[in-house]
Amino acid sequence: MVVIAALLLAVGYFLGVAFFQNAIGGLVIAFIVWAIMSLIAYFQGDSILLSLAKARKISSDDAPQLYNVVEEMKIASGLPKMPDVYIIDDPALNAFATGRSPEKASVAITSGLLQKLNRDELQGVIGHEMSHVKNRDVLLMSIAGVMLGTIVILSWYASRFMIYGAMTSGNRRSSSRNNSGAGTVIVLVVGLVLMILAPIAAQLIYFAISRKREYLADASSALYTRYPEGLASALEKLAASTGELKSANQATAPMYIVNPLHKEGRAATDLTSTHPPISERIRILRAMAGGASYADYENAYRQVHSGKSILSQQTVAGAAGAVGIRAASVSKPGEIAVSEKSAKTREVSDMMLRLNNYRMVDCECGARWKIPPGFRDETIRCTRCGRTLKV
Amino acid sequence: MIALWIILGIIVVLFFIVIGMYNGLVGFRNQVKNAWAQIDVQLKRRYDLIPNLIETVKGYAKHERETFEMVTKARNLAQQASSAGAAERGKAEGELSMALGRLLAVAEAYPELKANQNFLALQEELTSTENKISFSRQYYNDSVLKFNNKIQMFPSNIIAGMFNFKTGEFFETTTPEERQAPKVSFT
């Protein structure tokens, strides 16, 4: 965090030296750009993010189980206020949290993920998101993100102006005055190198912060739910899916539970990823044999990473005391059996309907409409989500 | 003269440290109180759900009178214990949880009941309420642990002694089922 800020200042400094012969000017520009972007991110960030993701707000009547699970995790994490709950109508599997403070937070989940997960897994995912809210990761990542953005923008413009400026003023300078030539050239070269390296360095640091917060969120989710296996098996399902979330982009990626852009199976410890590899996160969660506390997560991480540490000493010590893992909720095996059974029944009945010349229209919300052969209208309205469908 | 100023400075600093510790302790105590209120809300919600649930199940399983009576009795006992201390209350609520578990197990034997929309909605509500109870208990116990640590550890124990802060009571339920190791079943 501090390093990113220092990089931002350095970029501003050289910008000033190069253009105004005065470091203050550049610093002021860097600060102004940063301040404007921060203010926007602070006050409008969550609504921008939610509308970019095409999320719609739901109440407890629309999806009682999801709403209940969010409320459960709100209680477990001790948040002062119930976050708003959003659904993104997208078959891809993902979820994210946003909001500048624990008092004003939102969690969003894709409809695809909601359908795939059982109660325990949903709890694990929501627990992870709730931890982002509770630990103020959203604020941290948006400040870091804004700094990164500012560095990238400033260096991009500055490096182009510098190259152009150096080429045109180089001729002038050699003919008229030669006194300060060497000094300016050194400053220019250092500046140019910085302008190229700063965005890359800032990005790497940004990714490193993001990955660390993901581990912390996983650990907190295990602590809140007292059931690491829930999140582990949810992550397994997330890893198995291939659909890319259309509405996600580079800037919003750190808020999601798994990286919505990168495909799993890339280099294991990728420096340029906002998230740790899913397989590794699952392995750590499954290695938490003794309990669900931060100390247990830390031990599990050490086991997987041969002795390295991930959570800060303060985090581990702050929640001392043994924390047991609870049993799986009773409904779990039954639920799976029922859903498999009904899926089979549905498949058979669809087959019979097709034989009788019924047409199938799939809605984006997941509902399937069976149109009888004598149907006249050209469109129907999906009663589940309200979309108009072409027959 | 200088010595006087130094002594005065030390006193002022000490004063602020004491204030800080005192406020910290009050904050923790309020957190414990608030966590306890959270449990209360969820327990009340559970009392309200039970009559509805029994009515729905009754429609399909008339012959399980014993179970209904047991649940109703456990509910009334728990409601009466709601003004008692954490330990006694925990016991009554544990028994209610057990009785409810029995009721849901009974419901398993009636396929028509399991397909009833009203019952499914109630079941989800009940599951969630049970979860909320255990999560709020979890949060309450975590808060009590932090508060008790503050009261008993040096140096805040001095302030706690001076202003008569008392350690909080953990909320334990003592049903035999919860003490057993988690079972895994494969179907």
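A quick note: this is a predicted structure, and the numbers were derived from the prediction, not measured.

*Asks:* Kindly report on the overall build of chain A, identifying the contributing residues and their values.
*Replies:* Secondary structure assignment for chain A yields 12 helices and 8 strands. Every one of the 391 residues in chain A was classed for burial, and the buried ones make up 39%. For chain A, the share of sequence-separated contacts (at least 6 apart) that also reach a separation of at least 24 residues comes to 64%.

*Asks:* Give me the packing of helix H1 (residues 2-58) of chain B against helix H5 (residues 117-152) of chain B: which residues, what numbers.
*Replies:* Residue and element names in this part refer to chain B. Two elements in contact, H1 and H5, have axes whose closest approach is 8 Å; the angle formed by their N-to-C orientations is 160°. By the angle between their directions, the pair H1 and H5 is classed as roughly antiparallel. Judged by the sense of rotation from one axis to the other, the crossing of H1 with H5 is left-handed. Tallied by class, the residues present in the contact of H1 with H5 amount to 17 nonpolar, 10 polar and 8 charged.

*Asks:* Please provide a residue-by-residue account of the confidence of the model for chain B, values included.
*Replies:* All names here are of chain B. Mean pLDDT over chain B stands at 81; residues scoring 70 or higher make up 91%. For chain B, per-element mean pLDDT is lowest for helix H7 (residues 176-179), which scores 45, and highest for H1, which scores 87. Scored below 50 in pLDDT, residues 175-187 shows 11 contacts in the model against residues more than four places distant or in partner chains. What the predictor reports for the complex is a pTM of 0.70 with an ipTM of 0.74.

*Asks:* Requested: an account of the packing of helix H9 (residues 278-286) of chain A against helix H10 (residues 294-304) of chain A, with residues and values cited.
*Replies:* Residue and element names in this part refer to chain A. At their nearest, the axes of H9 and H10 sit 8 Å apart, and the two run at 125° to each other. Here H9 lies oblique to H10, going by the angle between them. Considering the relative orientation of H9 and H10, their crossing is right-handed. Contact residues: H9 offers Glu280, Arg283 and Ile284, while H10 offers Tyr297, Ala300, Tyr301 and Val304.

*Asks:* Give me H1(B): which residues, what numbers.
*Replies:* Residue and element names in this part refer to chain B. The terminal C-alpha atoms of H1 lie 85 Å apart, and with 57 residues this matches the ideal 84 Å at 1.5 Å per residue to within 8%. For H1, the principal kink sits at Leu49 and spans about 25°; a proline, Pro51, occurs within the next four residues. Buried within H1 are the following residues: Phe28, Val32, Ala35, Gln38, Ile39, Gln42, Leu43, Arg46, Ile50, Leu53 and Val57.

What counts, and where the lines are drawn
- Residues numbered from 1 in each chain as written.
- Chains lettered and ligands numbered in written order.
- Predicted model: local features only at pLDDT ≥ 70, side-chain atom pairs only at ≥ 80, totals over all residues.
- Helix = DSSP H or I, 4+ residues; strand = E, 2+ residues; numbered from the N terminus.
- Buried ≥ 20, exposed ≤ 12 C-beta atoms within 10 Å, placed from the backbone.
- Contact = placed C-beta atoms within 7 Å.
- Axes fitted to C-alpha atoms, helices over the stretch in contact; angles between N-to-C directions.
- Parallel < 35°, antiparallel > 145°, perpendicular 65-115°, else oblique.
- Left-handed = near helix turned anticlockwise from the far one by under 90°.
- Nonpolar A, V, L, I, M, F, W, Y, C, P; charged D, E, K, R; others polar.
- pLDDT = per-residue confidence, 0-100.
- Expected span 1.5 Å × (residues − 1).
- Bend = angle between axes of the 7 residues up to and from the residue.

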